[in-house]
Amino acid sequence: MSLKAPVSLAALAVALLLAANPAPVAQAEERVWHHALSLVGTPKYGPDFKQFDYVNADAPKGGRVATYDLGPFDTLNPYPPQSNVAPGLGLTADSLMAASPDEPSTEYGLVAEAVSYPADYSSVSFRLRPQARFHDGTPITVDDVIWSLTELRKVSSFHAHYYKNAVSAEQTGEREVTIRFDVKGNRELPQIMGQLDVLPKHYWTGKDAKGVLRDIGRSTLEPPLTSGPYRIKEVVPGRSIIYERVKDYWAKDLPVYKGFWNFDEIMFLSFFDQIAAFQAFTSGTLDYYQETSAKSWATAYDFPALTKGLVKKERIDLKQPEAMQGWAFNLRRGKFQDPRVRRAFNLAFDFEWSNKNLFYNQYVRTDSYFENQQDLASSGLPEGLELEILNSVKAEVPTEVFTAPYSNPANNSLNDLRTNLREATRLLKEAGWAIKGNALTNEKSGERMEVEFLLADPNFERIVLPYVQNLQKLGVKAVVRVVDASQYVQRVEGFDFDIVTQTIAQSESPGNEQRDFWSSAAADVKGSRNLIGIENPAVDKLVDRIIFAKDRAELVAASRALDRVLLWNYYLVPQWHAPYERVAYWDFLRRPSPGPTRALGFPAIWWADAEAAGKIAEARKQ
């Protein structure tokens, strides 16, 4: 049976049904092709849209922009688990569909001009654009899509979990690929398949200039063949990488990319710490700088270029989900197995003191794994469908899930801190830990509570040390260890740590990625994002409930339930977030105003003012 003739087969089936029963019958589901997909509503732009509203379609092309990345890099292949990936590689890659920076969980066709899926979400089909090309002029084919899915799942733990339900991919038309799933009812699967990077099979299965067979599963400093708006122009391993705009880029005139990709060159310089990067920005070596330090934002922006008006400093408000950032425990270590111990650590953190004395009151405490998403974040007590979902795992979750709203401990006075430390001491004793010889000791094993906070950024040490002092009041021997970026990555990927800072970003339509964050199956997979090592059957069930939610209402209820269970298990000590983005840039850079509401859009939709760039260049010489 030929899979390349689905229309004729469907027509034959209908004809046979009509012959057997001349009365009206339910016909086979008619295929519907979509130009865009959204998990939260109807896409804003129709099939005939010309451009996104927020872009400057007439933005001039040209100029160079320099920005930075922390830590050296040693590979130009971002897919297999490895140490240090070069920054900016996403500029070179094309996926089947492209995300909309101004809409939640919405994608428009890129390599794929259209997408179709049945009502039960058991498969998805993509129809490729005939003009899609790799940089060597070779057409992007269905075979490339199939190969990319197959190989990326082999070499990348993220892709293996993200695309776990894709069991087959086959060509079903001249430019059509169909991916079939082993489950039905997962609304997210068609859309996450659209995020697949399409790689050139002929390149990765060929040989390099030395005659060595390439391997997508290994690191390389050979600039790979790609298809995106930029290609790699120049590499100094570990120090810098320059991308050049592909002037005949095949997708440059598509509505999804009108007004995008305006710089002729984009350069990333690598620095070992934030201080050195900031100094490079103030001296004019860098053009764009996104500030991550509250102290620097409050005190460091008095350098000459800023006071002369050559540099702009902007606070940009965005309507976007905030990531959960926190001190994550390694549950593979026995000392962190008891949730009472983890809760005691949370009680010892004095956020209010840190915010006042270290952060210049620029931050707010993060209280949810779905922060800044009112519909997905848990609040109050569970009710309705959320309560129904939680009751299905009632025997496997903390009782507080049902009896109290979660809140982080607050320290609005010294007396509050004393109260919280006393409660922490009580919890530790209840968990079998007592002070012996000025050291917190396990009463059964004799093990002392010794913990190491592992850092890659030395600037973060000043933030951790006050927390360490509070832990020491509980008898915990806590130390801070700062290592270089390479060692940090190796230790984290090998789960060789006590406590690290983990940042967990969430979309407005959570789905398959939750497996990589929390599932038991990911707990011991090197390179997975389940750094904590969670192996909890209740969490596994809630993750599946999210993935297989039948509609938005069920997704919301299941997300709230998962949020509540994660919080009450104290898998990490939540940190903080700024309710806005802080950026500074030399005043030849321009951006649309108003821009997208959910992203800074740098460098995708920014551009260089040539006249202003000339004046800035002259001023930098003085």
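Residues numbered from 1 in each chain as written. Predicted model: local features only at pLDDT ≥ 70, side-chain atom pairs only at ≥ 80, totals over all residues. Heavy atoms only, no water.

Examining the packing of helix α11 (residues 384-391) against helix α18 (residues 552-568)
Each pair of packed helices can be described by the angle between their axes along with the distance between the axes. Note the following rule: For helices, the fitted line uses only the C-alpha atoms of the stretch in contact; every axis is such a line through C-alpha atoms, and the angle between N-to-C directions lies from 0 to 180 degrees. The numbering of helices and of strands both runs from the N terminus, where a helix is a DSSP run of H or I of at least 4 residues and a strand a run of E of at least 2. An angle counts as roughly parallel when it lies under 35 degrees, as roughly antiparallel when it exceeds 145, as roughly perpendicular when it falls between 65 and 115, and as oblique in every other case. Crossing handedness is read from the near helix: turned anticlockwise from the far helix by less than a right angle, it gives a left-handed crossing, and turned clockwise, a right-handed one. The contact definition used throughout considers only heavy atoms, calling two residues in contact when any of these lie within 4.5 Å.
Running from amino to carboxyl end, α11 crosses α18 at an angle of 55°, the nearest separation of the two axes being 8 Å. Relative to α18, the element α11 is oriented oblique. At the point where α11 passes α18, the crossing takes the right-handed sense. Here L385, E386, I389 and L390 of α11 come into contact with α18, specifically with A553, E554, A557, A558, R560, A561, R564 and V565.

Some points on the side chain of R129
Rules: Whenever two N or O atoms come within 3.5 Å, that pair is a polar contact, provided that in protein one can donate a hydrogen and the other can accept it, and provided that, for residues adjacent in sequence, both atoms are side-chain atoms.
Of note, R129 is situated in the loop between β6 (123-128) and α2 (142-155). A distance of 2.5 Å separates the side chain of R129 from the backbone oxygen of L110, its partner in a polar contact. If we ignore the near neighbours within four places in the chain, the residues touching R129 are G109, L110, V111, A112, E113, R175, W250 and L254.

A closer look at the pattern of salt bridges
The test is simple: Salt bridges are counted wherever a side-chain nitrogen of Lys or Arg sits within 4 Å of a carboxyl oxygen of Asp or Glu. The cut-offs for exposure are 20% and 50% of the maximum accessible area for each residue type, with area from a 1.4 Å probe on protein chains only; residues under the lower value are buried, those over the upper are exposed, and the others partly exposed.
If you walk through the whole model with that rule in mind, you get 42 salt bridges. Residues D375 and R552 are paired through a salt bridge, measuring 2.8 Å at the closest nitrogen-oxygen approach. Placement of D375 in the loop between β15 (364-365) and α11 and of R552 in helix α18 is noted, with a sequence separation of 177 residues between them. Residue D375 is classed as partly exposed on the basis of its relative accessible area of 31%.

Brief notes about the nonpolar core
Note the following rule: In this description, a nonpolar core means a group of buried Ala, Val, Leu, Ile, Met, Phe, Trp, Tyr and Cys residues linked to one another through side-chain atoms lying within 4.5 Å.
Counting 103 residues, the largest nonpolar core has L96 and F126 as the members making the most contacts within it. By size, the runner-up hydrophobic cluster in this structure holds 78 residues, among which are M324, V451, F517 and V573.

Some words on the sheet that holds strand β11 (residues 265-271)
What counts, and what does not: Any two strands are treated as partners once DSSP identifies two or more bridges connecting them.
In space, the four strands of this open sheet follow the order β2-β11-β10-β9, with mixed pairing throughout. In this open sheet, the two strands that pair with only one neighbour each are β2 (64-70) and β9 (230-236). Within this sheet the neighbouring strands show an average axis-to-axis angle of 20°, counted without direction.

Considerations on the sheet that holds strand β23 (residues 581-586)
With antiparallel pairing, three strands are arranged side by side in an open sheet as β12-β23-β13. Only two strands of the sheet have a single partner each, and these edge strands are β12 (288-290) and β13 (311-316). For this sheet the average axis-to-axis angle between neighbouring strands, irrespective of direction, equals 15°. Here six bridges tie β13 to β23, and the two strands are oriented antiparallel to one another. Paired with E314 across the two strands is V583, which belongs to β23. Taken strand by strand, helix α6 (residues 274-283) contacts β12, β13 and β23, and its axis lies near 145° from that of β12.

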